[in-house]
Amino acid sequence: MIKAIGNNVLLRQTMTAEKKSSIILADGAKDETKYTVDFKILSIGDGPLCKESTLKVGDNVFLDRTAQASHIEEIERKQGELVILEGIFFVNDIVGIKN
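Residues numbered from 1 in each chain as written. Predicted model: local features only at pLDDT ≥ 70, side-chain atom pairs only at ≥ 80, totals over all residues. Heavy atoms only, no water.

The next thing to look at is a nonpolar patch on the surface. On the surface, a cluster of nonpolar side chains totalling about 280 Å² of accessible area is made up of Ile72, Ile75 and Leu82. Following the sequence through the fold, Ile75 ends up in strand β6 (residues 71–78). (Patch = residues over 30% accessible without salt bridge, like charges linked within 9 Å, V, L, I, M, F, W, Y side chains within 5 Å. Areas by Shrake-Rupley, 256 points an atom, 1.4 Å probe, with all protein chains shown as cover. Salt bridge = Lys/Arg side-chain N within 4 Å of Asp/Glu carboxyl O. Helix = DSSP H or I, 4+ residues; strand = E, 2+ residues; numbered from the N terminus.)

Right, let's get into the pattern of salt bridges. Using the criterion set out here, one finds four salt bridges in the structure. The partner of Arg12 in a salt bridge is Glu86, and the shortest N-O contact between them spans 3.4 Å. Note that Arg12 is positioned in strand β1 (residues 8–13) and Glu86 in strand β7 (residues 81–90), a separation of 74 residues in sequence. When its relative accessible area of 28% is taken as the criterion, Arg12 is described as partly exposed. (Buried < 20%, exposed > 50% of the residue type's maximum accessible area, 1.4 Å probe, protein only.)

Take a look at the structure:
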């Protein structure tokens, strides 16, 4: 089993990415799509940022849309895109907790 260390958390995706909305910018700018992805915390590191947070194992959290995993344990291809199912992320990439 993998355990997060330092200021990292091990997360597992609990919902599939779902297209919520699109913003079309004028004059050929890129289409920006927002996704809602729900992750469950499997392990929390022992670094100072993790210790100061209110996060606990089992919490459902949302990540910043630019978050990148430092280690990917499980990945899947869905509709031509790679989707991270389980990976280690920096604790500051968490932007919200789902109640």
